Amino acid sequence: MLYLYSLLEILYVLLLAPLIAGIQNSLEEKFESKRGPSIFQPYYDLWKLFQKESLVPEVSSPLFRRGPYFVLMFYIFLSMILPIITAYPLPFAPAADFVGGGLFFGAAAAIKKFSAIDSRSNYAHLGTSRTASIGALSEPIIVLIFIMLGVLSNTNNPFVINSVLRSSPTWYYSLLHGFVTVAFFLILIIETGQLPVESHTNGEFGMIDQSMPFEYTGRDLAIYKWSAYMKSFLLMSVFLNVFIVPFWVPGEGSGFLQIVLYMCIHLVKLSMLVLLFALINTTVSKFRLYKNFDFIAAAFALAFLASLAYYVSS
Amino acid sequence: MEQIFQILGFFLIVLTLLMQWEIYVNRVILLFSISSFIVALFLVLLGTSKPGEGTLLFVLAGLTVFTRGLIIPIIMNRALHSLYKKPWRVREDKPAMGVGGSILVSLALILGGYFIYQNSLYEVLKIKSGSVPFALFLQASLLIISRKNAYIQMMGFLVMENAVVMLSGWVFSGLPFIVEAGAILDLLGLVVVSSLIIRVREGAIMQEGDIYEKELRG
């Protein structure tokens, strides 16, 4: 039965990740008093791209084509090991703890960068350089956040952290948890490409992530986009289930129906989060590229204050 | 109650970090006003937890709200309005340090404040959160050093004073009340005088240019 839940978890992430992106896009347009696309638009886009022919730059190596498939594979693996629909570890969860999960996210990002560079496009290089610069500073902050969560729960296991925060109001309402949550939210903004860090336009000055797949077409681009939706879905799920709303996640012994019910609740939680992102994206203007590093400094400051708050309050 | 004090203390630290982020003077004034209200709230809560000194702390909180939360920001805003046509656009043009750098230095100072306190006063007072005012004090000094705009430097000085009020209410609550209240009232006079000096200085610079500023500096 547990293997069935693992399969259910993969299908849940794989199939509903584009929906969450669609809801956010639709909300943003509606906030700007436009009719907006359907919430199913990402599915239509993926379907269209799957029908199209893939073109590959002559100068690229096989890595260029295989990159998006490797990335998708990593995200499917991450779907099995993170607490998304259950608060207890499913069969593959012991494969990696929080740091291990972070390494898998990092590996997927590295493959993305290598494949983008392999296209030999100037724009892809530009995006890769910018993503790497930001990632080099934001990833240590993620590590610091995980260390502070480790302090909180004496472990690096996301399932245990979820359990500690659910059962202990002292930790849930602690300064440490508050700072870590806000710091992770800022990192989430960076990693999922929201404003004020990244706008979804093709303006060269602001492009970061969206210039990396410039040379991808057809099915390869569809896979690339799908994995990007999955990454956002997974990170948002971690933020919701581990950091900010660790409640109602089905515990050990819960049945199939409870898990399906929670999947609906989780979708509502995700919709609330993308509503917040849509609000931010329609009210905040984009930072200049170099101002992004100040944003990262602010995230670091909060993660650092979490550690100080722990020492002051212990 | 100790946890609420810590939350308020760390909120003040975050507000001071935001001041380092901000370049517009009117927003820095607003942030200072908010931080003064938090100091007042802290004093009220402290007063409720110390029945013997409650009245004095409530009066001190009232004075803090009146002078630091309202009067000083109003005076400084009026000075801005009388000097500039677009006061909301008055900003720090060339800070000595970038935002990211000043945040990182500020963190180092917070850590420094914590260690200084832990290895000195903590042995006597045994209040762990007492390091928060120390950290605030050092952060405010950085705000003064890293900015060239006279208004923001003034704000840095006032944040320093906020830290002192917090420290005196929390750690040295036995001090005569008149010293604390007197310091706050003196501050009001100081702000009025400083605003006048800033107005004269900025007015002279706007009329005569940078050469006159050098002359004023001596």
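No experiment lies behind these values; they were computed from the predicted model shown. (Residues numbered from 1 in each chain as written. Chains lettered and ligands numbered in written order. Predicted model: local features only at pLDDT ≥ 70, side-chain atom pairs only at ≥ 80, totals over all residues.)

**Q** Got a sec to walk through the overall build of chain A? Specific residues and values, please.
**A** On a plain count of helices and strands, chain A comes out with 11 helices and 0 strands. Going residue by residue from the N terminus, the α and β elements of chain A occur as α-α-α-α-α-α-α-α-α-α-α. Relative to the globule expectation of 20 Å for 314 residues, the C-alpha radius of gyration of chain A, 19 Å, shows essentially globular dimensions. (Helix = DSSP H or I, 4+ residues; strand = E, 2+ residues; numbered from the N terminus. Rg over C-alpha atoms; globule rule 2.2 N^0.38 Å.)

**Q** Describe the nonpolar core, naming the residues involved and giving the relevant values.
**A** Grouped together as the largest cluster of nonpolar side chains are 138 residues, with contacts concentrated most on Ala183(A), Ala299(A) and Ala303(A). Ala303(A) has contacts with Ile141(A), Leu144(A), Ile145(A), Met148(A), Phe179(A), Val180(A) and Ala183(A), leaving out every residue within four places of it along the chain. (Core = buried A, V, L, I, M, F, W, Y, C linked by C-beta atoms within 7 Å. Buried ≥ 20, exposed ≤ 12 C-beta atoms within 10 Å, placed from the backbone. Contact = placed C-beta atoms within 7 Å.)

**Q** Just give me the short version of the interface of chain B and chain A, but keep the residues and values in it.
**A** Taken residue by residue, the interface counts 17 residues in chain B and 12 residues in chain A. Elements supplying a minimum of two residues to the side of chain B that touches chain A: α1 (2–21) and α4 (99–118) of chain B. Here the residues of the side of chain B that touches chain A sort into 11 nonpolar, 5 polar and 1 charged. (Nonpolar A, V, L, I, M, F, W, Y, C, P; charged D, E, K, R; others polar.)

**Q** Please give an account of helix α8 (residues 175–191) of chain A that cites residues and values.
**A** With 17 residues, α8(A) should reach 24 Å at 1.5 Å per residue; the first-to-last C-alpha distance of 24 Å fits that figure. The element α8(A) is largely enclosed, with a buried count of 12 among its 17 residues. In this fold, the buried residues of α8(A) make contact with α5 (122–153), α6 (158–167), α7 (169–172), α9 (218–244) and α11 (292–313) of chain A together with α1 of chain B. Immediately downstream of α8(A), the backbone of Gly193(A) shows phi near 65 degrees, a positive value. (Expected span 1.5 Å × (residues − 1).)

**Q** Can you explain the environment of Gly251(A)? Please cite residues and give values.
**A** Residue and element names in this part refer to chain A. Here Gly251 lies in the loop between α9 and α10 (256–283). Looking at Gly251, the number of C-beta atoms within 10 Å reads 14, which means it is partly exposed. Between the C-alpha atom of Gly251 and that of Ser163, which follows or precedes it by 88 residues, the distance is 9.0 Å. Look past the residues within four positions of Gly251 in its chain and what remains in contact with it is Ala87 and Tyr88.

**Q** Could you give an account of the packing of helix α2 (residues 25–49) of chain B against helix α3 (residues 54–83) of chain B, with specific residues and numbers?
**A** Residues and elements named next belong to chain B. Contact geometry for α2 and α3: axes closest at 7 Å, N-to-C directions at 175 degrees. One way to sum up the angle between α2 and α3 is to call them roughly antiparallel. Taken together, the residues of the contact of α2 with α3 break down into 17 nonpolar, 9 polar and 1 charged. (Axes fitted to C-alpha atoms, helices over the stretch in contact; angles between N-to-C directions. Parallel < 35°, antiparallel > 145°, perpendicular 65-115°, else oblique.)

**Q** Hey, could you go over the packing of α8(A) against α11(A) for me, with residue numbers and the actual values?
**A** Residues and elements named next belong to chain A. Across the interface, α8 lies against α11 with an axial gap of 8 Å and an inter-helix angle of 165 degrees. As judged from the angle between their axes, α8 and α11 are roughly antiparallel. With respect to the hand of their crossing, α8 and α11 are arranged in left-handed fashion. Here Leu175, Leu176, Phe179, Val180, Val182, Ala183, Leu186 and Ile187 of α8 lie close against α11, whose contacting residues are Phe295, Ala298, Ala299, Leu302, Ala303, Leu305, Ala306, Ala309, Tyr310 and Ser313. Taken together, the residues of the contact of α8 with α11 sort by class into 17 nonpolar, 1 polar and no charged. (Left-handed = near helix turned anticlockwise from the far one by under 90°.)

**Q** How would you summarise unusual backbone geometry if you had to cite specific residues and measurements?
**A** All names here are of chain A. Even without being glycine, Asn154 reaches a positive phi, approximately 60 degrees. As for its position among the elements, Asn154 is in the loop between α5 and α6. The class of Asn154 is exposed, set by 10 C-beta atoms lying within 10 Å. Positive phi is not limited to glycine here, since Trp248 has a value of about 65 degrees.

**Q** Account for the environment of Val71(A), with residues named and values stated.
**A** Residues and elements named next belong to chain A. Mapped onto the elements, Val71 comes out in helix α3 (residues 62–81). By the C-beta count within 10 Å, which is 24 here, Val71 ends up buried. With 156 residues separating them in the primary sequence, Val71 and Ser227 have C-alpha atoms 6.7 Å apart. Contacts of Val71, omitting those with residues within four sequence positions, involve Ala108, Ile111, Lys112 and Ser227.

Keep in mind these values describe shape, not function.
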